[in-house]
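# Notes for the structure review
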Amino acid sequence: MSDQPMVTHFATGAGFIAALDQSGGSTPKALRAYGIDESQYSSEAEMFDLIHAARVRIITSPVFTSEHILGAILFEGTLARQIEGLGAAEYLWQRKGILPILKIDKGLEEKADGVQLMKDIPGLEERLDSARAAGVFGTKERSVIHAADPRGIEQVVEQQFALGERVVAAGLVPILEPEVTISIPDKDEAEVLLKAAILEGLEGLGDRQVAFKLTIPSVDGFYSDLIAHPNVVRVVALSGGYSRDEANERLARNPGLIASFSRALLDGLTVQQDDAQFDATLKASIASIYAASMT
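Conventions used here
- Residues numbered from 1 in each chain as written.
- Predicted model: local features only at pLDDT ≥ 70, side-chain atom pairs only at ≥ 80, totals over all residues.
- Heavy atoms only, no water.
- Helix = DSSP H or I, 4+ residues; strand = E, 2+ residues; numbered from the N terminus.
- Rg over C-alpha atoms; globule rule 2.2 N^0.38 Å.
- Contact = heavy atoms within 4.5 Å.
- Areas by Shrake-Rupley, 256 points an atom, 1.4 Å probe, with all protein chains shown as cover.
- Lys, Arg positive; Asp, Glu negative; His and termini not counted.
- Charge placed at Lys NZ, Arg CZ, Asp CG, Glu CD.
- Phe/Tyr/Trp six-rings, centres within 6.5 Å; stacked < 30°, edge-to-face > 60°.
- Buried < 20%, exposed > 50% of the residue type's maximum accessible area, 1.4 Å probe, protein only.
- Lys NZ or Arg CZ within 6 Å of the ring centre and 35° of its normal.
- Axes fitted to C-alpha atoms, helices over the stretch in contact; angles between N-to-C directions.
- Parallel < 35°, antiparallel > 145°, perpendicular 65-115°, else oblique.
- Left-handed = near helix turned anticlockwise from the far one by under 90°.
- Nonpolar A, V, L, I, M, F, W, Y, C, P; charged D, E, K, R; others polar.
- Arc of directions from axis to C-beta.
- Core = buried A, V, L, I, M, F, W, Y, C linked by side-chain atoms within 4.5 Å.
- Salt bridge = Lys/Arg side-chain N within 4 Å of Asp/Glu carboxyl O.
- Patch = residues over 30% accessible without salt bridge, like charges linked within 9 Å, V, L, I, M, F, W, Y side chains within 5 Å.

### Notes on the overall build of the chain
The helix and strand inventory of the chain stands at twelve helices and eleven strands. For 295 residues, the compact-globule estimate of 2.2 N^0.38 gives 19 Å, and the C-alpha radius of gyration of the chain, at 18 Å, lies within 12% of that figure. When the backbone C-alpha atoms are referred to their principal axes, the chain occupies close to 50 × 40 × 35 Å. Here the analysis covers contacts within the chain between residues at least 6 apart in sequence; of these, 71% occur between residues at least 24 apart. A total of about 12300 Å² of accessible surface is found on the chain, and carbon and sulfur atoms cover 52% of it. For the chain, the centre of its 27 positive side-chain charges and the centre of its 42 negative side-chain charges are spaced 3 Å apart.

### A few points about the packing of aromatic side chains
Inspection of every chain in the model, using the stated rule, returns four aromatic pairs. A centroid spacing of 5.2 Å and a plane angle of 65° characterise the contact between Phe-10 and Phe-137, whose relative ring orientation is edge-to-face. Of the two residues, Phe-10 sits in helix 1 (residues 4–12) while Phe-137 sits in the loop between helix 6 (124–133) and strand 7 (138–145), which places them 127 residues apart along the sequence. Of the two residues examined, Phe-10 and Phe-137, each falls in the buried class. Arg-57 extends its terminal NZ or CZ atom over the ring of Phe-278, reaching a point 4.0 Å from the ring centre.

### Looking at the environment of Phe-261
Here Phe-261 shows up in strand 11 (residues 258–261). The exposure class of Phe-261 is buried, given its relative accessible area of 0%. Note: C-alpha distance between Phe-261 and Ala-247 (14 residues apart in sequence) is 9.0 Å. Excluding anything up to four places from it in sequence, Phe-261 contacts Ile-17, Ala-18, Ala-19, Ile-216, Ala-237, Leu-238, Ser-239, Ala-247, Asn-248, Leu-251 and Ile-289.

### So, the packing of helix 7 (residues 150–169) against helix 8 (residues 187–203)
Two numbers describe a pair of packed helices, the interaxial angle and the distance between the axes. At a closest axis distance of 9 Å, the pairing of helix 7 and helix 8 adopts a crossing angle of 40°. Taken together, the axis directions place helix 7 and helix 8 in an arrangement best described as oblique. Like other packed secondary-structure pairs, helix 7 and helix 8 cross with a definite hand, here right-handed. Listed contacts from helix 8 to Pro-150, Ile-153, Val-157 and Phe-161 of helix 7 are Ala-190, Leu-193, Leu-194, Ala-197, Ile-198, Gly-201 and Leu-202. The class makeup of the residues in the contact of helix 7 with helix 8 is ten nonpolar, one polar and no charged.

### Focus on helix 10 (residues 244–252)
All buried positions along helix 10 are accounted for by Arg-244, Ala-247, Asn-248, Arg-250 and Leu-251. Along the axis of helix 10, the buried residues cluster in a sector spanning 165°; they form a single face. Projecting away from the buried face of helix 10 at angles above 90 degrees are the exposed residues Asp-245 and Glu-249. On its buried face, helix 10 sits against strand 10 (232–238), strand 11, helix 11 (263–266) and helix 12 (275–293).

### Side note on the nonpolar core
Among the nonpolar cores identified, the biggest contains 67 residues, and Phe-64, Phe-212 and Leu-265 are the most heavily contacted of them. Once residues lying within four places of it in the same chain are set aside, the contact partners of Leu-265 are Phe-16, Ala-18, Leu-20, Arg-244, Leu-282, Ser-285, Ile-286 and Ile-289.

### Description of the pattern of salt bridges
Per the counting criterion, the structure on display carries 19 salt bridges. Here Arg-127 makes a salt bridge to Glu-76, at a shortest N to O gap of 2.8 Å. On the criterion of sequence distance, the pair formed by Arg-127 in helix 6 and Glu-76 in helix 4 (residues 76–79) is long-range, its members being 51 residues apart.

### Considering the packing of helix 6 against helix 7
Where helix 6 contacts helix 7, the axes come no closer than 10 Å and their chain directions differ by 45°. As judged from the angle between their axes, helix 6 and helix 7 are oblique. When you trace helix 6 past helix 7, the crossing you get is right-handed. Between helix 6 and helix 7, the contacting residues are Leu-124, Glu-125 and Leu-128 on the first element and Leu-163, Arg-166 and Val-167 on the second. Taken together, the residues of the contact of helix 6 with helix 7 break down into four nonpolar, no polar and two charged.

### Some points on the side chain of Lys-195
Structurally, Lys-195 is set in helix 8. On the accessibility criterion, Lys-195 (13% relative accessible area) is buried. What Lys-195 contacts, discounting residues up to four positions off in sequence, is Phe-222, Tyr-223, Asp-225 and Leu-226.

### Examining a negative patch on the surface
On the surface, Glu-154, Glu-158, Glu-200 and Glu-203 cluster together to form a negatively charged patch. Going through the elements one at a time, helix 7 and helix 8 are the ones with two or more residues in the negative patch. For Glu-200, the location among the structural elements is in helix 8. Residue classification places Glu-200 among the exposed residues on the basis of a relative accessible area of 60%.

Printed below as a string of structure tokens:
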């Protein structure tokens, strides 16, 4: 059974989700944006040390607090490390009052039927058990929709719900993330198909609860019925490649939808900034995303 105070906090708390879960192929890009290029590390281990140091700088910043941040999504490598002498999940919840969420997907399959399904996740139950033991609240799992293909979208949603049920069985709250690519010409049509498939999937959940991380919809308020659904703990939005300003503007037009931003949160932060500059940049970013989430 999920930890009830944590579930209540997630369902009703003010704030947004910080997505700090870049991993594998997206790490060099995240480091470049942070001001560290490939010439500054010579191995994968060094690369992950550098991205961990960047994440620790964010998480331990005095402006990264539960006043505005509801939860933080972590990469598995972060979960295995410590922050100021505590496990990363423990530090987030005990020191900061911020819900620790673990990215569990292992990347994407090749595109078929207009979508990319998640790759298999070997040893999932053991990973979920150890995550729960480490103090993790929930999980996040991403697949991607590139076209309004009914068959592809149906497969994405079926896979997401099947994985979500395994997460619930392990006592964690799953955040299902069937991302719709923002640049596709039939984005609004894909969202209609996606929502219909999600609503159908929710009918089979009984009293189990899940959350969703979705692309900000083309039609304002489109996910209001999902947000209000008794089986849905929370619906959060990914920035999906929109600039921070555009993502915030679109988000603010969707009451009840809160941010779960990654790049849009971290834009402007660099390793070269001193702590005062770094904290001021992060504070301004957090304030703007919080305002859009709470509209």
